[in-house]
There are 4 protein chains.
Amino acid sequence: MSENPKMKVAIVGASGYSGVCLLGLLLAHPEVEILALCGSSQVGESIESIYPRLRGLGLPQITAFSELDLTKIDILFTATPNGFVREHFSSILTSGVRLIDLSADLRFDSGSEVAYGLSEWNRVGIESAPAIANPGCYPTASLLALLPLLEAGLVDLSRTIIIDAKSGVTGAGRQAEKSLLFGDLAEDFYAYKPLSHRHTPEIELYLSRFGGAPEDFALRFTPHLLPVKRGILASIHFRPSTSDLGVLQGCLLAKYSAEQFVDVLVGEALPRLSNVRHTNFAQIWVGYDPRTGEALLLSAIDNLMKGAAGQAVQNFNIMFGFPEALGLAGHSVLALG
Amino acid sequence: MSENPKMKVAIVGASGYSGVCLLGLLLAHPEVEILALCGSSQVGESIESIYPRLRGLGLPQITAFSELDLTKIDILFTATPNGFVREHFSSILTSGVRLIDLSADLRFDSGSEVAYGLSEWNRVGIESAPAIANPGCYPTASLLALLPLLEAGLVDLSRTIIIDAKSGVTGAGRQAEKSLLFGDLAEDFYAYKPLSHRHTPEIELYLSRFGGAPEDFALRFTPHLLPVKRGILASIHFRPSTSDLGVLQGCLLAKYSAEQFVDVLVGEALPRLSNVRHTNFAQIWVGYDPRTGEALLLSAIDNLMKGAAGQAVQNFNIMFGFPEALGLAGHSVLALG
Amino acid sequence: MSENPKMKVAIVGASGYSGVCLLGLLLAHPEVEILALCGSSQVGESIESIYPRLRGLGLPQITAFSELDLTKIDILFTATPNGFVREHFSSILTSGVRLIDLSADLRFDSGSEVAYGLSEWNRVGIESAPAIANPGCYPTASLLALLPLLEAGLVDLSRTIIIDAKSGVTGAGRQAEKSLLFGDLAEDFYAYKPLSHRHTPEIELYLSRFGGAPEDFALRFTPHLLPVKRGILASIHFRPSTSDLGVLQGCLLAKYSAEQFVDVLVGEALPRLSNVRHTNFAQIWVGYDPRTGEALLLSAIDNLMKGAAGQAVQNFNIMFGFPEALGLAGHSVLALG
Amino acid sequence: MSENPKMKVAIVGASGYSGVCLLGLLLAHPEVEILALCGSSQVGESIESIYPRLRGLGLPQITAFSELDLTKIDILFTATPNGFVREHFSSILTSGVRLIDLSADLRFDSGSEVAYGLSEWNRVGIESAPAIANPGCYPTASLLALLPLLEAGLVDLSRTIIIDAKSGVTGAGRQAEKSLLFGDLAEDFYAYKPLSHRHTPEIELYLSRFGGAPEDFALRFTPHLLPVKRGILASIHFRPSTSDLGVLQGCLLAKYSAEQFVDVLVGEALPRLSNVRHTNFAQIWVGYDPRTGEALLLSAIDNLMKGAAGQAVQNFNIMFGFPEALGLAGHSVLALG
């Protein structure tokens with residue numbers, strides 16, 4: 001591989017939590033050369049002044065996006081506030097550069113221009129699309145767990161699926177808001193937007209598109225804010241159409257046993273944030289309660305990795321024909337302890 | 001009140017998290033005199049050696065329970081490992097001392113000797129019973145939220161009630177276990193015993209006894225461990241028999257508007273741990289999702305207060321005819337900030 | 001006491017961390033009636049909308065300070081950004097209302113108008129002064145530990161006193177700044193302004209005024225930010241003029257044995273944040289290292305209590321002749337567990 | 001490199017915090033093959049049952065050390081309780097296997113058999129010694145900062161050096177002790193063994209051996225326990241023999257500018273745990289206070305990486321002639337965000 005020229009990359013929004021996580025991954029990626037870092041408030045500064053551990057790596061200074069020559073790069077990553085990509089989408093497409101957008105701007109698009117970047121479920125689309133809408137963190141955790149069962153007809157859709165999800169604080173981005181202060185959040189926990197979170201329709205749409213749920217399908221999604229930096233655990237309550245736990249487990253195993261980044265747990269160990277933190281792994285577990293006839297899915301990811309930057313790199317690898325775990329595999333064992 | 005002699009109190013198990021919380025409350029209670037502290041491993045030590053802020057209060061040394069003369073005290077509080085009270089129950093009853101047990105030993109008893117100490121739902125029973133089974137923390141949060149709606153027939157019991165509950169670490173007690181170490185739990189989150197927690201039958205039993213649910217009633221209860229010291233949030237998903245949110249809210253308000261320790265939120269504010277921490281308050285909120293026809297109850301308590309020691313003191317006040325908030329009211333405003 | 005009319009109180013800045021802690025204390029104080037809450041950004045709102053646990057207490061809405069009739073109140077508490085009290089000081093004094101200022105504005109004043117509110121060291125001044133400059137949190141922890149030894153000549157001033165202090169996050173106030181976000185601070189720790197913190201001259205000034213240090217006296221003060229909500233631990237390294245630990249301990253005990261809120265530890269227990277959290281206590285310990293001839297003072301307080309609101313109430317009690325622990329004593333045992 | 005056979009490695013004590021961190025590093029190391037994992041309490045179990053993210057990597061089951069054939073491996077890593085290596089040292093040496101010991105057992109040895117593994121200060125010794133005593137975490141942070149200045153004569157040894165150090169909880173190991181429970185440590189902070197920590201003589205010994213301090217040299221070392229998982233910040237107060245900050249900075253830069261893992265900060269950024277977490281980097285900063293004539297060194301490391309497992313791998317690379325950052329460099333940019 002190393003004889004070919006590296007892919008030329010620009011990142012817009014590298015100073016946020018998922019942006020800098022992405023930058024870290026791309027710096028360690030053997031097929032990537034970082035050509036530009038773009039931002040808004042920090043134009044002219046160096047990213048090292050915000051993240052000193054990036055010193056000495058020869059990173060470019062932060063420039064305005066308007067100064068970026070899109071024809072000089074192979075791939076543009078955007079980890080921007082919602083709205084930015086929508087505003088610049090046509091000029092990006094016109095330039096011919098390929099795009100992986102970590103914001104929510106393109107996630108409801110359809111047609112040939114945008115592929116939804118849920119890696120394990122849309123590889124063909126991702127390979128060829130000009131632009132990738134990288135999934136939201138809650139949708140990634142939810143869809144990976146539900147889609148195999150839904151596709152296999154193992155979910156009784158006459159009962160409402162209930163996703164009770166919990167996310168670490170970096171999921172809310174790096175905004176200067178009092179509600180996100182350490183003094184407010186430490187030792188606290190609460191549900192927010194419990195009836196109307198914007199990720200609900202995203203989950204519903206792709207349960208329909210990829211899993212065959214009816215188009216007017218509706219589920220309950222309740223997010224909560226955890227006093228941890230990173231990680232999502234989704235506890236998904238549903239009524240299965242079988243009372244055979246082995247069938248539910250077998251469905252998940254059949255779908256994911258060949259996947260490098262989805263780990264179906266069938267023994268005593270349960271998904272937990274510490275098992276996936278700083279990795280691109282999802283951990284999924286399913287249980288069945290014969291007393292009530294209900295089932296429970298537990299799904300854990302690192303919101304900044306499989307829920308954002310890690311999956312973006314996985315999609316980048318798919319787009320350009322690199323091994324899917326290139327630059328990501330080591331993470332499965334790092335950061336232990 | 002102050003002319004009458006104070007109630008003579010003994011506490012067994014004062015060095016655990018709920019035991020010392022109880023001790024703190026009783027020390028501040030104007031009608032209580034603490035006569036004895038009993039323990040097992042720390043006999044002969046002073047409680048001050050474990051909790052230095054208790055220095056200088058003239059507290060008795062920790063003695064063995066076997067040395068306690070039950071005829072000298074008016075009320076015995078037990079914050080002991082499960083099994084202790086079961087073993088000593090007949091001798092305690094015979095002595096004539098009244099008992100408030102914070103363990104799980106008596107929670108499934110019926111008959112005239114034991115009253116279940118869910119204060120707002122069993123005052124008559126609590127006033128007269130020789131022994132009180134103080135409710136578990138998860139059952140307290142769950143029952144307070146569900147009982148009014150169940151009693152009013154507003155819960156569709158043909159669908160399974162799903163309690164997705166999250167508890168701070170002190171709910172697991174002060175055991176020297178690797179799984180409870182700071183190094184293991186900080187920045188982590190997970191579900192545990194997701195299909196078979198021992199609190200499930202307790203919740204079911206009292207939804208039946210107090211709320212009129214069928215005896216063979218079964219629900220789903222999934223607990224999770226939060227990386228915070230104290231607090232429980234229960235997110236309760238159920239199908240209401242009405243689509244009128246006002247009816248659901250009105251039912252909760254009607255039940256609790258005269259209660260000092262249950263706060264029904266009907267505006268924008270949602271229950272959160274920080275709102276109830278170090279207080280005996282429960283906060284309850286109900287929402288309705290017209291898209292799915294499902295409802296959501298959020299219920300927050302401090303697991304050591306309304307979920308253990310606070311409710312024990314509330315029950316003590318009921319038993320002995322003191323104002324129900326005596327020694328507890330100040331907590332509603334303390335520990336702010 | 002209860003036959004006299006209560007003291008009429010106004011608080012400016014009640015929505016910050018120390019402001020709302022003060023509000024909680026004053027609500028529980030038997031000799032206080034809260035007449036007005038003033039703010040800037042939240043005029044017209046209710047404090048309950050920010051702190052729901054304050055619901056139902058009949059608190060006044062937040063009004064502008066300019067609308068406050070100072071002649072109607074007995075005592076004004078200001079928990080405002082630095083600069084506010086300086087701007088309004090002459091009009092406050094002219095009105096005849098007494099003032100307890102929790103900001104830094106008056107801490108360097110001298111003369112008859114302002115007394116420095118380090119309760120245990122300036123009771124006579126506090127009783128009679130029109131205005132109290134409530135000490136900073138770091139100075140409170142540092143001065144309480146050092147002053148007795150300095151006054152007794154037990155500190156070798158030819159060597160530099162080194163205060164290595166660590167504070168919880170609420171010490172920085174409730175500002176919407178990225179550097180104070182949970183996502184930035186959790187699992188982190190660092191020194192800030194290590195050579196030039198504004199509290200340094202405050203500590204030096206009162207070591208001189210109260211402890212007899214030379215006027216040109218200089219010490220080293222290095223603050224660090226702890227990932228906890230509340231609490232300060234100051235580790236104070238100094239060279240004693242004696243090698244007899246008993247003399248050092250005896251000096252602290254002699255000064256503080258009759259004090260209700262300063263606890264000198266001489267056994268195995270060491271000061272820690274959990275021992276003083278939510279209380280008005282300071283814990284002080286001194287050790288001597290014969291290998292080096294150096295001594296170490298450890299001093300722990302809750303930065304919002306003895307370091308701000310608690311000491312403000314203590315000073316209020318001193319000013320108006322109430323028992324010094326009125327409204328504060330219960331805190332020594334609450335919030336245990 | 002890849003044509004040579006990989007180094008055959010055994011780890012004793014892989015389930016503790018530093019042991020599993022070491023295992024993660026060695027799994028990602030291109031020149032390592034893990035042949036055996038030894039433990040005591042978990043013999044016969046798989047390491048995956050404790051750390052599920054290690055599933056699927058084909059790791060050997062945990063065996064007893066007594067069953068390990070030392071002649072089959074090239075290098076033995078021991079992350080064991082103190083005492084284990086002392087007991088087995090002669091048999092290990094006799095077998096001819098090389099040893100890197102992360103415990104404290106060999107740190108005070110001298111002679112030809114053991115080299116102290118402070119990588120940047122003892123490369124020649126490390127290359128040839130049969131056994132490496134990997135330094136303690138506090139000594140690593142302290143020595144890296146102090147040694148260059150001491151060696152250059154820039155520390156006034158007539159005044160006592162004061163190391164005020166703070167460590168995350170994993171520094172205490174993974175012991176089932178009540179004092180290390182989340183419920184006890186969250187929101188807490190305190191000094192422990194403030195006058196007699198066992199790391200004090202280790203620091204003194206190597207300031208003497210490597211830095212030229214007198215043999216009877218004594219300093220003050222006070223450790224504190226931080227409520228974070230990993231990271232050490234040492235704040236080192238000393239009297240410099242120069243008042244020229246540039247000289248102090250220049251000394252550090254001269255020593256470390258060619259080092260890959262020691263980062264001397266000379267601008268506005270200060271060392272903080274988040275800058276070094278999950279990396280093998282040390283960050284060092286020096287400041288001078290002209291008011292007092294005192295200087296301050298700040299030194300940050302990850303206690304499990306540069307303070308334990310990372311430095312062990314760095315020493316392994318030195319021992320066997322691999323590039324010193326092999327398997328470690330990527331960490332400088334990972335785990336950002």
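As the structure is a prediction and not an experimental result, all values here were calculated from the model.

**Some points on the pattern of salt bridges**
Pairing is possible between side chains of opposite charge, provided their charged atoms come close.
Next up, step 1: Overall, the coordinates contain 56 salt bridges over all chains when judged by the stated rule.
Next up, step 2: Taking the shortest distance from any N to any O, the salt bridge between D184 of chain B and R174 of chain D comes out at 2.9 Å. On the criterion of chain membership, the pair formed by D184 of chain B in helix α6 (residues 182-185) and R174 of chain D in the loop between β8 (162-167) and α6 (182-185) is interchain, its members lying in two chains.
Next up, step 3: The closest approach of N and O atoms between R230 of chain C and D302 of chain C, which form a salt bridge, is 3.0 Å. Of this pair, R230 of chain C sits in the loop between β10 (220-225) and β11 (232-238) while D302 of chain C sits in the loop between β14 (294-301) and α9 (305-320), and the two are 72 residues apart along the sequence.
Next up, step 4: The exposure class assigned to R230 of chain C is buried, which follows from its relative accessible area of 3%.
Next up, step 5: Taking the relative accessible area as the measure of exposure, D302 of chain C reaches 1% and is therefore buried.

**As for the interface of chain A and chain C**
It is common to give the size of an interface as the accessible area that goes away when the parts come together.
Next up, step 1: Every contact between the two is made by 18 residues of chain A and, on the other side, 18 residues of chain C.
Next up, step 2: Approximately 1,800 Å² of surface area, both sides summed, lies buried where chain A meets chain C, with 60% of it carried by carbon and sulfur atoms.
Next up, step 3: Counting across the chain A and chain C interface gives two salt bridges.
Next up, step 4: Along the contact surface separating chain A from chain C lie eight residue pairs in polar contact (both at pLDDT 80 or more).
Next up, step 5: Here the side of chain A that touches chain C takes four residues from helix α6 (residues 182-185) of chain A, the largest share from any one element.
Next up, step 6: Split by residue class, the side of chain A that touches chain C holds 10 nonpolar, two polar and six charged.

**Regarding the sheet that holds strand β3 (residues 62-63) of chain D**
Note: strands within a sheet are paired through backbone hydrogen bonds, in either parallel or antiparallel orientation.
Residue and element names in this part refer to chain D.
Next up, step 1: Ordered in space as β3-β2-β1-β4-β5-β7-β6, the seven strands form an open sheet in which the pairing is parallel. The strands lining the two open edges of the sheet, one partner per strand, are β3 and β6 (114-116).
Next up, step 2: Across the sheet, helix α10 (residues 305-320) is in contact with β1 (7-12), β2 (32-38), β4 (75-78), β5 (98-101) and β7 (131-133); its angle to β5 comes to roughly 160°.

Cut-offs used in this document
- Residues numbered from 1 in each chain as written.
- Chains lettered and ligands numbered in written order.
- Predicted model: local features only at pLDDT ≥ 70, side-chain atom pairs only at ≥ 80, totals over all residues.
- Heavy atoms only, no water.
- Salt bridge = Lys/Arg side-chain N within 4 Å of Asp/Glu carboxyl O.
- Helix = DSSP H or I, 4+ residues; strand = E, 2+ residues; numbered from the N terminus.
- Buried < 20%, exposed > 50% of the residue type's maximum accessible area, 1.4 Å probe, protein only.
- Contact = heavy atoms within 4.5 Å.
- Buried area = accessible area lost by both parts, 1.4 Å probe.
- Polar contact = N/O pair within 3.5 Å; in protein donor to acceptor, adjacent residues only side chain to side chain.
- Nonpolar A, V, L, I, M, F, W, Y, C, P; charged D, E, K, R; others polar.
- Pairing = 2+ DSSP bridges.
- Axes fitted to C-alpha atoms, helices over the stretch in contact; angles between N-to-C directions.

In short, shape yes, function no, at least from these values alone.
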